[in-house]
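Understanding the architecture of this molecule
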Amino acid sequence: MALLRGGDQPGWGPEGRGSIGCHHAHGILKVPFQIPMQLEKVYEPQQFEPRWAEWWRNSTFFQPSNQPADARPVFSLVIPPPNVTGSLHMGHMLEHSEIDVTTRWHRMKGHNTLWLPGTDHAGIATQMVVERELAKEGITRQSLGREAFEAKVWEYKELHGGTILRQMARIGESVDWSRTRFTLDEGLSRAVRTVFVNLYRKGLIYRGPYMVNWDPKLQTALSDLEVVHEKVDSKLWHFRYPVKDSEEYVVVATTRPETMLGDTAVAINPRDPRYLHLHGKSVLLPLMQREIPIILDEMADPEFGTGCVKITPAHDPNDFEAAMRHNLPLIRVIDEHARISGEGGVYAGLDRYEARERVLADLEAQGLLERAEPYELSVGKSQRTGVVVEPMVSTQWFVRTRTLADKSIEAVEQGRTVFVPDNWTKIYYDWMRNIRDWCISRQLWWGHRIPAWHCHDCHGITVAMEDPTRCEHCGSVNIAQDTDVLDTWFSSALWPFSTLGWPEETEDLKKFYPNTLLITGFDILFFWVARMMMMGIECMGDVPFRTVYIHGLVRDAERQKMSKTKGNTVDPLEIIDQYGTDACRLTLLLGAAPGTDIVLTDERLASSRAFANKIWNAARFLFLNMERAGVEPWMPEERAFYVPHVDPATGEAPLEDRWIFSRLNHYAGVLNKAIDSYRYHEVAQQLWAFFWGDFCDWYVELKKLRFQENSGLDHHWKNILTVFECSLRLLHPVMPFITEELWQRLRREGDGRAESICLTRYPEADPSVQDARAEAEIETLQNLIGAVRNLRADLGQDPKKKIEAVIYARGTAARVAQSQLEALNRLATIDATVHEGSAPALKGAVKSSPDFDILLQVPAAELEAQRQRVLKDQAQLEKVIANSQRQLSNEAVVSKMPAHVVDNLRAKLQEYEEKHQKNQEALTALAV
RNA sequence: GGGCGGUUAGCUCAGUUGGUUAGAGCGCCUGCCUUACAAGCAGGAUGUCGGGGGUUCAAGUCCCUCACCGCCCA
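1. A few points about the sheet that holds strand β13 (residues 369–382)
The 3 strands are arranged β8-β7-β13 in an open sheet whose pairing can be described as antiparallel. Whereas interior strands pair on both sides, the edge strands pair on one side only; in this sheet they are β8 (249–254) and β13. Neighbour-to-neighbour, the strand axes of the sheet open up by a mean angle of 20 degrees, direction not taken into account. As judged from the 6 bridges shared by strand β7 (residues 227–242) and β8, these two strands associate in the antiparallel manner. Following the sheet pairing, H238 is matched in β8 by A253.

Okay, here's the thing in structure tokens:
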């Protein structure tokens, strides 16, 4: 395709098919397809979004520079890595839309901007998916063996792992694809190993037998966070334990009868006089016939149950602590499969719930079950499998979190990292202050293998950066690597720096760490954000990010949380097929007020698409009229802000131009501020208000009067194209596709502009562009037109019928009515005669305000509706006038009010009174 | 049990440090296919801002209390 010079571009004749926008830039890329100037009547994003997405994907637009000499301010952010085998859901769509708005904006602000993409290996989730796949063929991972299974998972990852990244590319996310990372990459694995070895050597990672949450289905330990608590109706059973050498028995209460098989003590509170006489004695544990001591411990709450508690150290976290304090033996009566172990006497081999029934029956038979009362308890279930977790003593690896958490708290207290919205700060503190050591080992096969080797001879542990051949303690070669892998979140915790090349001292790391921002969901505040804080501070000596923005949840039309199990999930790609990416983004962002959830409905999506359609049609209108006027594609040279071109005849810019440039300037200010403070709903809403409410509804309507055949590129066209092009740039971060599509049509080879709108400058506000007078005048014009429309609607007049009108106007209104008579007549569908000054006594259809009186020539029969309206307005006015007078007449009150409030109030009162007066006159006029 | 958030128009939600007659989108009603857009245009209706109490000249906004809903933690 040949490049075209400005002068001989096709697309301007009646044939109208050109190739505007094709160009080379530094010989890198050119727009690889034809872009006609004429637009289809209906906005069909499906027709052009994939093309731009592909073009961006193959470009270098989103690659920042890591050169030290590059002095631009840096903006950096890493993606919350989605599960590698997953696909895009609405939660991602929202999160990525917010991130994309922010990164595109920073890029347009001229910042050196990095959005780093990638995926997480998601240990448990991925292993489960693959196991489920294999199960269909009747294969278990055990039958395959570890190596073969790992190979299968990699195979699966290669096959399905790219889905989510491909989807991100399709929807045009402005990520730097050249820096894509995966948590099991070689580089990231190196980082994981380095951190593990360093922390181990510092004593911040240790191994030992402690109480953990055991998932009997997955056969692995879990961290506290991976357990979700659920309230269920159950019972509190009261057992009698006979006191040895006595007729007495103690009554203990429990929610888990089957654990009594592993009881090794009964505790009473040292301050509980009811039981003190039992101290030093022992009880004979029923069913097991084991003698166990009665001990004194604060954990026995005199207020709860009977005040006596049974202690099962191997299967309850609190009992485990008590056992440590009192040196009690641990008896594991429940095994890894949640069945009663060999220590469980006759119950051995039974499932835990079966055992519960049997224990209860047997105790009852022996008269030792005193009673059972209804009780609501909270059971811990595995986040992944939903199976009730078994608290169990097990030898696992842990991160010692106390000092890491303290430093992480301090960092936020010092303001080095800020949470938005602010309420998350407290939640973060609370969690960090009550943090427990983090169980990081998992009995899985998919993940980062723990770099520790156990010696079969001396039982010492060797932890090393390079795989050892000998035990570092005794030199034995009889060593084997630990079979466990690390919790997925361990590698995720390193993501902000491992992705930048750490532990190497890379240019990326120097440039982009700490990240400027993190945008993520509250559901992983503890799993991920908190742990990144700890690891970032520990490994890098600085926080991982300066700001954390926490977004809400996407809900369905019934306000229900979207979940696969509920089956109410919505596939973003299907939504996009139907409404387009831009409309989908806009819908999500319109709902994304900080701290609130987002409700997604078809109505909202349709309304967002309507907005995109509005932009499309505004462009279509401009382009059509450009052809008529003989105007070629044009856009202003790139600046931060613009002042309107003047009419060479008068030396002044037309009123509507001065006004729209002032409005544009205002919105640029509002938008920059809103994006900078993560107020995405406001961004979307303000764009809507400006483009639809100001640009389309008024500016374009006013400009219609100015268009002339073959006018060429006059000041009117320069102004309208400047505003339109700025609008596209303002819209671009939110609606990247439609803005690129339209912008490219205005671009011409050699006009010195960037090759894509995403590389242009985001408009800014400047006080010099503000034009209060123009704004006041247009507002007056809008009031005049509104008054007429309102009046004629009340009079039931045909909107198409031109009505004769007489207008008496004063001050600004007089000036505007005279100078903008043509606009007034056209937009109000009237034929007006304008007089300056106050109106004589009128009769007929009158609408009055302090600034003007309007008389429409209609039959007297039509006036009653209008009379009713004015009467209603009067009642309202009388109320507010009385209110204002009451406040202003009280000197004590007035003296306490700030001066500007008093002035405001006085001005308002005067305005109300004038309106009231004018209404009174109108009522007289209407009473024909 | 501890904590956090919410309750504003029929629906979903905005509402900045207390200060104009409380807003938007959708929906609804009326009239228009006015040649950019019916995915549109013009006009309109609808709110004791969850209940009660308090502070203040002034409260949707601050305080107390109650009710209901949701979430997090143990």
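Resuming the write-up.
2. A short note on empty space enclosed by the protein
For the coordinates displayed, the defined rule picks out 3 cavities of 30 Å³ or more. Considering the residues around the largest cavity, the lining is formed by A640, F641, Y642, F661, L664, N665, A668, C726, P763, E764 and V769. With 4 residues, the single largest contributor to the lining of the largest cavity is helix α19 (residues 655–676). Of the residues contributing to the lining of the largest cavity, the split by class is 9 nonpolar, 1 polar and 1 charged.

3. What about unusual backbone geometry?
Backbone torsion omega between V420 and P421 reads -5 degrees, so that peptide bond is classified as cis. Mapped onto the fold, P421 is located in the loop between β15 (418–420) and α11 (423–433). You will see that D245, though not glycine, has its phi angle at about 55 degrees, which is positive. Here D245 is to be found in the loop between β7 and β8. Look at D245 and you get exposed, because its relative accessible area is 73%. A positive phi angle, near 55 degrees, is found at N710, a position not held by glycine. Relative to the helices and strands, N710 is located in the loop between α20 (680–703) and α21 (715–731).

4. Observations regarding the pattern of salt bridges
Taken as a whole and judged by the stated rule, the model has 58 salt bridges. Notably, a salt bridge pairs D297 with R325, separated by 3.1 Å at the nearest N-O pair. You can see D297 sitting in the loop between β11 (290–296) and β12 (308–311) and its partner R325 sitting in helix α8 (residues 317–326), a full 28 residues away along the chain. A residue is classified by how much of its surface remains accessible, and D297, at 5% relative accessible area, is buried. Between E507 and K510 there is a salt bridge whose closest N-O contact spans 3.6 Å. Of this pair, E507 and K510 both sit in helix α14 (residues 507–512), 3 residues apart, which is roughly one turn of the helix.

5. Structural notes on the packing of aromatic side chains
If you walk through the whole model with that rule in mind, you get 37 aromatic pairs. Among the aromatic residues, those joined into a cluster by ring pairs are F611, W688, F691, W692, F695, Y699 and F724. Seen from the ring of W438, R531 lies directly overhead, with NZ or CZ sitting 4.0 Å from the centre. One residue, K704, lies across the ring of F621, its end atom 5.2 Å from the ring centre.

6. Remarks on the pairing of β7
Moving residue by residue along a regular strand, the side chains alternate between the two faces of the sheet. Note that β7 and β13 share 13 bridges and pair antiparallel. Opposite V228, over in β13, you have K381 as the bridge partner. Connecting β7 to the next strand, β8, in antiparallel fashion are 6 residues, including D245 with a positive phi near 55 degrees.

7. A look at the environment of V84
With respect to the helices and strands, the residue V84 is situated in the loop between β1 (74–78) and α2 (90–108). Given the relative accessible area of 1%, V84 is considered buried. Measuring from C-alpha to C-alpha, the distance between V84 and R706 comes to 56 Å, with 622 residues separating the pair along the chain. Excluding anything up to four places from it in sequence, V84 contacts T119, D120, H121, T126, K157, H160, G161 and F182.

8. Some points on the nonpolar core
Counting 201 residues, the largest nonpolar core has F490, L742 and L856 as its most contacted members. Here this core gets 12 residues from one element, more than from any other, and that element is α20. Leave out the neighbours within four places in its chain, and L742 touches L39, I615, W616, A619, F623, F724 and L728.

Cut-offs applied
- Residues numbered from 1 in each chain as written.
- Chains lettered and ligands numbered in written order.
- Predicted model: local features only at pLDDT ≥ 70, side-chain atom pairs only at ≥ 80, totals over all residues.
- Heavy atoms only, no water.
- Pairing = 2+ DSSP bridges.
- Helix = DSSP H or I, 4+ residues; strand = E, 2+ residues; numbered from the N terminus.
- Axes fitted to C-alpha atoms, helices over the stretch in contact; angles between N-to-C directions.
- 1 Å grid on protein atoms, 1.4 Å probe; cavity = no way out; pocket = protein on both sides within 12 Å on 5 of 7 lines; lining within 4 Å.
- Points joined across faces, edges and corners; volume = space filled by probe spheres on them.
- Nonpolar A, V, L, I, M, F, W, Y, C, P; charged D, E, K, R; others polar.
- Buried < 20%, exposed > 50% of the residue type's maximum accessible area, 1.4 Å probe, protein only.
- Salt bridge = Lys/Arg side-chain N within 4 Å of Asp/Glu carboxyl O.
- Phe/Tyr/Trp six-rings, centres within 6.5 Å; stacked < 30°, edge-to-face > 60°.
- Lys NZ or Arg CZ within 6 Å of the ring centre and 35° of its normal.
- Contact = heavy atoms within 4.5 Å.
- Core = buried A, V, L, I, M, F, W, Y, C linked by side-chain atoms within 4.5 Å.

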